[in-house]
Amino acid sequence: MALLIIFLKTYIMLLVFIITAYIFRHYLFTYNRAFGEQKVSYHDILDSEMTYVSALIPMHNEEKVAKYILSALVDQDYPKDKLEIIPMNDHSTDKTKEIVEDFAKKYPFIKPLHRLGDEPRGKPAALNDALKIAKGEIIVVYDADYIPPKGQLRELVVNFSDPDVGAVMGRVVPINAGKNLLTRLLDLERAGGYQVDQQARYNLDLIPQYGGTVGAFRKSLVLEFGGFDTSILAEDTELTFRLFVNGYKVVYANKAECYEEAPEDWRVRARQIRRWSHGHNQVLFKYLVPLWRSNLSFLQKLDGTLLLFIYAVPFLLLLGIVDSLILFFLGEMEILSGFWILLGVVAYNTFGNFAPFFQIGFAVFLDGGVERLRLLPIFYFIFLFNAWYTSLGFIDAVRTTITKKQAVWHKTERFRSA
Amino acid sequence: MIFIFLLLILIPFIPALVELAVKKDKDPLIIKQDYSKDPAFFGKSFSKILEEAISKVDIELLDSLKSIDIPLSSDKPEKLIFFTNEVGGKHPRSIVFVRGQESKTVEPLTTNKEVIAYGSLRIEHSTFARSMLIFGNLEVKAPLEVARWIHVEGEATIKAPSILGINFYSSEKITIDASCTFTRIYAKEINIGWGIKKSSFNNPARIEGNIKSKEAMSIKTADRSLIIEGNIISEKDIIIEGDVWVKGNIFSHEGVVIIKGVVVGMEGAIKSVVGKKSVIMEGNTKIYGYVHTDGEGIIKV
């Protein structure tokens, strides 16, 4: 029993340490974005000799959104003789195929890839197939619900002027932000995640993340790595860590803003975040050791570790709550005592807990939002919601990693009127 | 007690609930869907606004007018003052419109608004303007200070010390033969100084591919010229001096200095020199394309 109590108390202390590390990280990023030197991407370069680009669009039952993304890509100011668009129709059962074919008839640079029959489903498998036929060295990826502005391909691709750049990531903005409470909160979450978190990581030369959409990567590198691992649901996070571990970097292009459609239904959001957590934690299990064995700087390794654990922390927190309940009923809640501990607890509760909220608040301020800042207290509830489904995703990842069972890709439902 | 407790719990949420009900700030962040990087953006947009405003005025009447009030934007109308071939004077609140094909200043010219020249304009007296839209050539022989942008449809030649605003565009060629400051310059060909040596790249040394450094770098030639086929990228300063021909782009997160004989890009293509904190160019340099800095842009001749 004594050993169990020591173990439970040690776990609580470890958890406090982990949470403190994340709090520090959130404040550091917000401080950097507020007062630090801002690093910009390579978008100021004008170059008339742009490289050949393949724009890939993973599509599974996308009839509600297909025409918008295809029209937006057709309207790009990128030279058409240096562009091919590959819509990857992945086992769609709706009218996606017909919409894609209609566009392909009008525009010869649209070259659909129809994946049917027994071919493995999911984005990583579809990307691997598309890479076999793509002619471009630079691969740009957009999810089907995205609507890129006219000049965005150039803005993303020009970053590869730097030979060390393996991937580039743009900024995601929900187009349906005002639809309901969920979309309004997701809008805040995206603002914090991109405007402050990603930009600060780029400023500080840490680990900005390639997000799998509104982004681009070098085809030769991915092929050199053996393509995307189809057993991992977060092919974007995996590519980020593969690139950094192999000495390449990811550029965050804050100016490359693109509209997406945020989930408008809580069940859809739950499935989405559970899938993200599942995939992200698979990457954690696969890349934690290679990360620390790489030649990255200590700070990059530390940031990479915190990034890898980000979808595991909610599960660890839930365990912490169970742990503290057990300790409470055992009458062993006194872990550390003294005035300085009390001071720490008060400081944490009045200041520390709010670190992510400061980050989101500052991001909204940078974007010029005023009234929406008032929604911040409600954000606490989505925090709890995310924590629960993220924890389920963590359990999924543990299960698929142990059983080696193929993870199933759950597509995010679309809400736009076709 | 319970009521007070619930009230205290609810207080932080009241503004949120009000915003949810009233939806004052529900629109998504604005992304301009037609945004495309264009160095001629300022001139083109102003030209479009001007064209729309003038199209509403009787063209025969316009030719005979000395001034006119026209609504350029949704705010109050702007005053346009017309000149034919000779222009000058102080017109702090008026847009100066020069109608002649070959025009020149005959005295110092000052306006806090735009100067528009329908043909070519020669500046022979000190001039200050918010912006300049020149449909012909621009020749600057006296100090010029522009706060915002210069858009020249023909060639631009700067022979007197000038402040070239935040965006200096020519659809043809820019030649600068005086010390100036700038933020962005774009032309198919930009010559700094008159004496570009045309055939200084005989028997050159060559570097294939890109050059990348996390540290400051300095490239200087002595006896033999050098051709670099790719881009030069650095986290720190880049200094290039002598007969060096960079066929790609130059980008530094800090500063770029190019001096005496450096050529960037090639005829028929557009390449860039970007120094986030500064770009300094000295005599005898040539750039085919675009020069950009968010900090200090200095030309020393």
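Residues numbered from 1 in each chain as written. Chains lettered and ligands numbered in written order. Predicted model: local features only at pLDDT ≥ 70, side-chain atom pairs only at ≥ 80, totals over all residues. Heavy atoms only, no water.

Residues and elements named next belong to chain A. Interhelical geometry of helix α1 (residues 2–35) versus helix α13 (residues 355–366) gives an angle of 20° and a closest axis separation of 8 Å. The angle between α1 and α13 places the two elements in the roughly parallel class. Here α1 runs over α13; the crossing is left-handed. Judged by residue contacts, I23, H26, Y27, F29, T30, R33 and A34 of α1 engage A355, P356, F358, Q359, F362 and L366 from α13. Partitioning the contact of α1 with α13 into residue classes produces 9 nonpolar, 3 polar and 1 charged. (Axes fitted to C-alpha atoms, helices over the stretch in contact; angles between N-to-C directions. Helix = DSSP H or I, 4+ residues; strand = E, 2+ residues; numbered from the N terminus. Parallel < 35°, antiparallel > 145°, perpendicular 65-115°, else oblique. Left-handed = near helix turned anticlockwise from the far one by under 90°. Contact = heavy atoms within 4.5 Å. Nonpolar A, V, L, I, M, F, W, Y, C, P; charged D, E, K, R; others polar.)

All names here are of chain A. One open sheet holds the 7 strands; their spatial order is β3-β2-β1-β4-β6-β5-β7, and the pairing between them is mixed. This sheet does not close on itself; its edge strands, each paired only once, are β3 (113–115) and β7 (249–260). Averaged over all adjacent pairs, the angle separating strand axes in this sheet is 20°, with direction ignored. Pairing analysis gives 3 bridges linking strand β5 (residues 165–174) to strand β6 (residues 215–218), with the strands arranged antiparallel. (Pairing = 2+ DSSP bridges.)

So, about the layout of surface pockets. Put simply, the second largest pocket is a space of about 630 Å³. A:K39, A:D205, A:K249, B:K214 and B:E235 are, among the 27 residues lining the second largest pocket, the residues nearest its centre. Classifying every residue of the lining of the second largest pocket gives 5 nonpolar, 9 polar and 13 charged. (1 Å grid on protein atoms, 1.4 Å probe; cavity = no way out; pocket = protein on both sides within 12 Å on 5 of 7 lines; lining within 4 Å. Points joined across faces, edges and corners; volume = space filled by probe spheres on them.)

Our focus in this paragraph is a nonpolar patch on the surface. Residue and element names in this part refer to chain B. Taken together, the side chains of M1, F3, I4, L7, L8, L10, I11, I14, L17, V18 and V22 define a hydrophobic patch exposed on the protein surface, amounting to about 1100 Å² of accessible area. A total of 5 residues in the nonpolar patch trace back to one element, the largest contributor, which is helix α1 (residues 2–10). Summarising the element assignment, L8 is placed in helix α1. You can call L8 exposed: its relative accessible area is 56%. (Patch = residues over 30% accessible without salt bridge, like charges linked within 9 Å, V, L, I, M, F, W, Y side chains within 5 Å. Areas by Shrake-Rupley, 256 points an atom, 1.4 Å probe, with all protein chains shown as cover. Salt bridge = Lys/Arg side-chain N within 4 Å of Asp/Glu carboxyl O. Buried < 20%, exposed > 50% of the residue type's maximum accessible area, 1.4 Å probe, protein only.)

Listed as interface residues are 41 residues of chain B and, on the opposing side, 48 residues of chain A. When chain B packs against chain A, the two sides together hide about 3900 Å² of surface, and 56% of this comes from carbon and sulfur. Taken together, chain B and chain A are joined by 12 salt bridges. The salt bridge involving A:D44 is made with B:K37; its shortest N-O contact spans 3.6 Å. Counting across the interface, chain B meets chain A through 25 residue pairs in polar contact (both at pLDDT 80 or more). Those elements that place two or more of their residues in the side of chain B that touches chain A are α2 (14–22), β28 (271–275) and β30 (285–300) of chain B. (Buried area = accessible area lost by both parts, 1.4 Å probe. Polar contact = N/O pair within 3.5 Å; in protein donor to acceptor, adjacent residues only side chain to side chain.)

Take the packing of helix α9 (residues 266–293) of chain A against helix α14 (residues 379–403) of chain A next. All names here are of chain A. Direction vectors running N to C along α9 and α14 enclose 45°, while the axes themselves pass 7 Å from each other. If you check the angle between α9 and α14, you find them oblique. As for the relative orientation of α9 and α14, their crossing is right-handed in sense. Tallied by class, the residues present in the contact of α9 with α14 amount to 11 nonpolar, 9 polar and 3 charged.

So, on to the pattern of salt bridges. All names here are of chain A. A complete count under the given rule lists 49 salt bridges over all chains for this structure. Here D145 makes a salt bridge to R414, at a shortest N to O gap of 3.5 Å. Of this pair, D145 sits in the loop between β4 (138–141) and α5 (152–157) while R414 sits in the segment after α14, and the two are 269 residues apart along the sequence. Just as D145 is buried, R414 falls in that class too.

Taken as a whole, chain B is organised into domain 1 (42–171) and domain 2 (205–285). One C-alpha centre belongs to domain 1 of chain B, the other to domain 2 of chain B; they are set 35 Å apart. (Domains from an automatic or database assignment.)

A word on unusual backbone geometry. Residue and element names in this part refer to chain A. Backbone geometry places N61, a non-glycine residue, at a positive phi of 50°. Mapped onto the fold, N61 is located in the loop between β1 (53–59) and α2 (66–74). Located in the positive-phi region is H91, a residue other than glycine, with phi close to 60°. Here H91 shows up in the loop between β2 (83–90) and α3 (96–106).

Attention now moves to the packing of aromatic side chains. This model, assessed by the stated rule, comprises 25 aromatic pairs over all chains. On the numbers, 4.5 Å between centres and 50° between planes, the contact of A:Y42 with B:F251 is tilted. Pair noted here: A:Y42 is in the loop between α1 and β1 and B:F251 is in strand β25 (residues 250–252), and the two residues belong to different chains. Seen from their ring centres, A:F357 and A:F379 are 6.1 Å apart, and the 90° between their planes marks the pair as edge-to-face. Taken together, the residues A:F357 in helix α13 and A:F379 in helix α14 connect sequence positions 22 residues apart. (Phe/Tyr/Trp six-rings, centres within 6.5 Å; stacked < 30°, edge-to-face > 60°.)

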